Amino acid sequence: ATKKARWVHVGCAKWQGMNYVDIEKKDKIEDLTALKEHFKVQNVACCLCKSSIGALHPCRAHGSHGCDKWLHLTCARSLGKCSVQHGENCEGFYDPDAIDHPPWTLAC
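Residues numbered from 1 in each chain as written. Predicted model: local features only at pLDDT ≥ 70, side-chain atom pairs only at ≥ 80, totals over all residues. Heavy atoms only, no water.

Undergrad: Could you give me a rundown of the confidence of the model for the protein, with the residues and numbers involved?
TA: Predicted confidence across the protein gives a mean pLDDT of 79, with 88% of residues reaching 70 or more. Ranking the elements of the protein by mean pLDDT puts strand S4 (residues 88–89) last, at 70, and strand S2 (residues 70–71) first, at 88. (pLDDT = per-residue confidence, 0-100. Helix = DSSP H or I, 4+ residues; strand = E, 2+ residues; numbered from the N terminus.)

Undergrad: Residues and numbers for the nonpolar core, please.
TA: The biggest cluster of nonpolar side chains holds 23 residues, and the ones touching the most others in it are Met18, Ile29, Phe39, Leu56, Leu71 and Leu106. If you list the elements that add at least two residues to this core, you get helix H1 (10–15), helix H2 (33–42), S2, helix H3 (73–79) and strand S6 (105–107). Once you skip the residues sitting within four places of it in the chain, isoleucine 29 turns out to touch Val8, Ala13, Met18, Asn19, Tyr20 and Val21. (Core = buried A, V, L, I, M, F, W, Y, C linked by side-chain atoms within 4.5 Å. Buried < 20%, exposed > 50% of the residue type's maximum accessible area, 1.4 Å probe, protein only. Contact = heavy atoms within 4.5 Å.)

Undergrad: Can you explain the environment of valine 10? Please cite residues and give values.
TA: Here valine 10 is to be found in helix H1. As a C-alpha pair, valine 10 and lysine 28 span 18 residues in sequence and 9.3 Å in three-dimensional space.

Undergrad: Got a sec to walk through the state of the cysteines? Specific residues and values, please.
TA: Taken as a whole and judged by the stated rule, the model has zero disulfides. Here cysteine 49 stays free of any disulfide, with the sulfur of cysteine 75 as its closest cysteine sulfur at 3.8 Å. Looking at cysteine 59, it has no disulfide partner, and the nearest cysteine sulfur is the one in cysteine 67, 3.4 Å off. (Disulfide = S-S within 2.5 Å.)

Undergrad: An account of the environment of serine 51 is requested, with residue identities and associated values reported.
TA: As for its position among the elements, serine 51 is in the loop between H2 and strand S1 (57–58). Looking at serine 51, the relative accessible area reads 24%, which means it is partly exposed. Separated by 20 residues in the primary sequence, serine 51 and leucine 71 have C-alpha atoms spaced 9.4 Å apart. With sequence-adjacent residues up to four places away left out, serine 51 is seen in contact with Ala45, Cys46, Leu56 and His72.

Okay, here's the thing in structure tokens:
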């Protein structure tokens, strides 16, 4: 059976460690079925928009620092008050020792 194509934010997929099917074309991302199921089971929602749909990220202060917030990358970026530490830009991956926070992390 053929699977129906779904839309996804490329940034959200990249932040979850997903890769392009064809690195040259960059028009398709790996199958996200297992990732979507993972978030359904977690039973968490974005602390900013309150939605549980989509890819969520724990606050980088999660766990040992007591923060239990989860965020969408797009919500964190659009608010403008959250700390968003990307792991790469158009020139490639950042050197983890040269950035302020661990790569691919959010905090509000």
